[in-house]
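Now for the letters of each chain:
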Amino acid sequence: MYYCVVNPSARSGKGKDIWELLEKKFIEKGLEYRAVFTKGPGHATKLASSLTEPKSSDSDADSPIKLIVLGGDGTLNEVINGIQNFEKTLVGYIPIGSSNDFARDLSFPKKLDDLIAQILKAENIRTLDLGKLTYNSMSRETSRLHEDCIAVTRLFDVSAGIGFDAAVCEQALSSNTKNFLNKIGLGKLTYGSIALRQLFGAEKVACEITLDDKKTIRLNRFIFIAAMVHHYEGGGFKFAPGADLTDGKFDLVYAGDMPSAKMLLALPLSFIGHYFWIKGIGHHVVQKVSIKTQKPLWVHTDGEVSVKSDHITFECLKQKLRMMN
């Protein structure tokens, strides 16, 4: 049995059309399947939780749960946060979002038919690292009420960050820019266009970064801090060119104590992964990082933003995700 979580709104509403192509393959091969469609933010997590919930009475209780996701990085993030048992769950992913940073590293077949065939064969199971973010969070409604903070944990498969990159994601999600560019086939420009506006409006906030509970780095003003499991984020920014997806560590990248204008040099160079030489750019390969900021700022996981925090911890979970791709 294959369980499919489909975001029908992905790729400007073409998600449903792509699902019909996958459904045709199921029917041709005589495979059992069940499809569920997301209805809005957070729904994919609830669906994945229900589909992967242990069922002791099920005759297939000992068989792996095959979960196929059709959507973008945000849909995949939601699904991963809903999986009840990673050891028993095999995930297939058909990337149909605007950025698709998760898929960039994994050499997926370019033709959709070939990708579907590869998932359904499941001859090679890949195990990939995941990140875990723990933070004191505040919702959009209570973002100014520091006393309302509560502890929250969230998984991420591509990257998580605080500061500039999270603010860019927040604006992309809360504005019509992303939808408009998707409709005209230029969705990949969403983050780049918003980034320029955010860069020069960024607040001056100090922070402390503690690496693996040992070394502490203090910045009088940081622009962004990102924990990278994969090489890319934000629609193609190659922030972590040397990232290893299976070593149980992530690449921590940050920019701080540098003029915002200097980021105009760093951003285009980051597209080719050649920017660590710029003064003010920091890079460390670690398993755990704790970050304290002078004031709460937006935090993102795989581009999804819903909370602000002034104290977060990133941890890497080694080879947690099992992929059929």
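Structure first, text after, so check above.
Residues numbered from 1 in each chain as written. Predicted model: local features only at pLDDT ≥ 70, side-chain atom pairs only at ≥ 80, totals over all residues. Heavy atoms only, no water.

**Some points on the overall build of the chain**
Step number 1: Helix and strand counts for the chain come out as 10 helices and 14 strands.
Step number 2: Considering the chain as a whole, with its 325 residues, one finds that 52% of them fall into the buried category.
Step number 3: Counting only contacts in the chain whose residues sit at least 6 apart along the sequence, the fraction spanning at least 24 positions is 70%.
Step number 4: A total of about 15000 Å² of accessible surface is found on the chain, and carbon and sulfur atoms cover 49% of it. (Helix = DSSP H or I, 4+ residues; strand = E, 2+ residues; numbered from the N terminus. Buried < 20%, exposed > 50% of the residue type's maximum accessible area, 1.4 Å probe, protein only. Contact = heavy atoms within 4.5 Å. Areas by Shrake-Rupley, 256 points an atom, 1.4 Å probe, with all protein chains shown as cover.)

**Examining unusual backbone geometry**
Step number 1: In this model, D302 sits at a positive phi of 55 degrees, which is unusual for a non-glycine residue.
Step number 2: For D302, the location among the structural elements is in the loop between strand 13 (288-301) and strand 14 (304-323).
Step number 3: The class for D302 is buried, based on a relative accessible area of 7%.

**Looking at the packing of aromatic side chains**
Any two aromatic rings considered together are summarised by their centre-to-centre distance and by the angle between their planes.
Step number 1: Applying the stated criterion across every chain, the model contains 13 aromatic pairs.
Step number 2: Both rings, one in Y93 and one in F102, keep their centres 5.6 Å apart while their planes meet at 80 degrees; by these two values the pair is edge-to-face.
Step number 3: Between F156 and F314, the ring centres sit 6.0 Å apart and the planes meet at 80 degrees, which makes this aromatic pair edge-to-face. You can see F156 sitting in strand 6 (residues 150-156) and its partner F314 sitting in strand 14, a full 158 residues away along the chain. Comparing F156 with F314, the two get one shared label, buried.
Step number 4: Sitting over the ring of Y232, R104 keeps its end group 5.8 Å from the ring centre.
Step number 5: Seen from the ring of W298, K308 lies directly overhead, with NZ or CZ sitting 5.1 Å from the centre. (Phe/Tyr/Trp six-rings, centres within 6.5 Å; stacked < 30°, edge-to-face > 60°. Lys NZ or Arg CZ within 6 Å of the ring centre and 35° of its normal.)

**Notes on the pattern of salt bridges**
Step number 1: For the structure on display, the rule yields four salt bridges.
Step number 2: Between D213 and K288 there is a salt bridge, and its shortest N-O distance comes to 3.5 Å. One end of the pair, D213, is in the loop between strand 8 (207-211) and strand 9 (215-219); the other, K288, is in strand 13, with 75 residues separating them in the sequence.
Step number 3: Owing to a relative accessible area of 57%, D213 belongs among the exposed residues under this scheme.
Step number 4: The exposure class of K288 is partly exposed, given its relative accessible area of 25%. (Salt bridge = Lys/Arg side-chain N within 4 Å of Asp/Glu carboxyl O.)

**Structural notes on helix 4 (residues 73-80)**
Step number 1: By the criterion of burial, helix 4 is predominantly enclosed, with eight of the eight residues buried.
Step number 2: Among all positions in helix 4, only D73, G74, T75, L76, N77, E78, V79 and I80 are buried.

**What about the pairing of strand 4 (residues 89-95)?**
Step number 1: Along strand 4, seven of the seven residues are buried, which leaves the element largely enclosed by surrounding structure.
Step number 2: Where strand 3 (residues 65-71) and strand 4 come together, seven bridges link them in parallel fashion. In the sheet register, V69 faces strand 4, and the bridge partner there is Y93. (Pairing = 2+ DSSP bridges.)

**Focus on the nonpolar core**
Step number 1: Membership of the largest hydrophobic core comes to 47 residues, with the highest contact counts inside it found for L22, I68, L70, I94 and F102.
Step number 2: The contacts of I94, once residues within four sequence positions are left out, are I18, L22, I68, V69, L70, G71, L112, L115, I116 and I119.
Step number 3: Formed by 27 residues, the second largest nonpolar core is a distinct cluster that contains I217, F250, Y254 and V299. (Core = buried A, V, L, I, M, F, W, Y, C linked by side-chain atoms within 4.5 Å.)

**Here we look at helix 3 (residues 43-51)**
Step number 1: Residues of helix 3 that are buried: A44, L47, A48 and L51. Projected down its long axis, helix 3 shows its buried positions confined to an angular sector of 95 degrees, all on one face.
Step number 2: Buried residues along helix 3 sit in contact with strand 1 (2-6), strand 2 (33-37), strand 3 and helix 4. (Arc of directions from axis to C-beta.)

**A look at the environment of T52**
Step number 1: The topology assignment puts T52 in the loop between helix 3 and strand 3.
Step number 2: Put simply, T52 and I65 are 13 residues apart on the chain and 6.8 Å apart in space, counted from C-alpha to C-alpha.
Step number 3: Apart from residues no more than four positions distant in its own chain, T52 is found in contact with I65, L67, G82, I83, Q84 and T89.

**Some thoughts on the environment of Y232**
Step number 1: Residue placement: Y232 occurs in the loop between strand 10 (222-228) and strand 11 (250-256).
Step number 2: With near-sequence residues (within four places) excluded, Y232 lies in contact with D101, R104, D105, V158, F237 and K238.

**As for the side chain of D105**
Step number 1: If you trace the backbone, D105 turns up in the loop between helix 5 (101-104) and helix 6 (112-121).
Step number 2: No salt bridge forms around the buried D105; measuring N to O, its nearest opposite-charge neighbour K238 is 7.2 Å away.
Step number 3: Of note is the side chain of D105, whose polar atom sits 3.0 Å from the side chain of H230.
Step number 4: Side-chain polar atoms of D105 contact the side chain of H231, separated by 2.8 Å.
Step number 5: With residues up to four places along the chain from it excluded, the contact list for D105 reads H230, H231, Y232 and L245. (Lys, Arg positive; Asp, Glu negative; His and termini not counted. Polar contact = N/O pair within 3.5 Å; in protein donor to acceptor, adjacent residues only side chain to side chain.)

**What to know about the side chain of D251**
Step number 1: Structurally, the position occupied by D251 is in strand 11.
Step number 2: This buried residue, D251, is left without a salt bridge; K249 holds the nearest opposite charge, at 9.7 Å.
Step number 3: Engagement of the side chain of D251 in a polar contact is seen with the side chain of H283, the distance being 2.7 Å.

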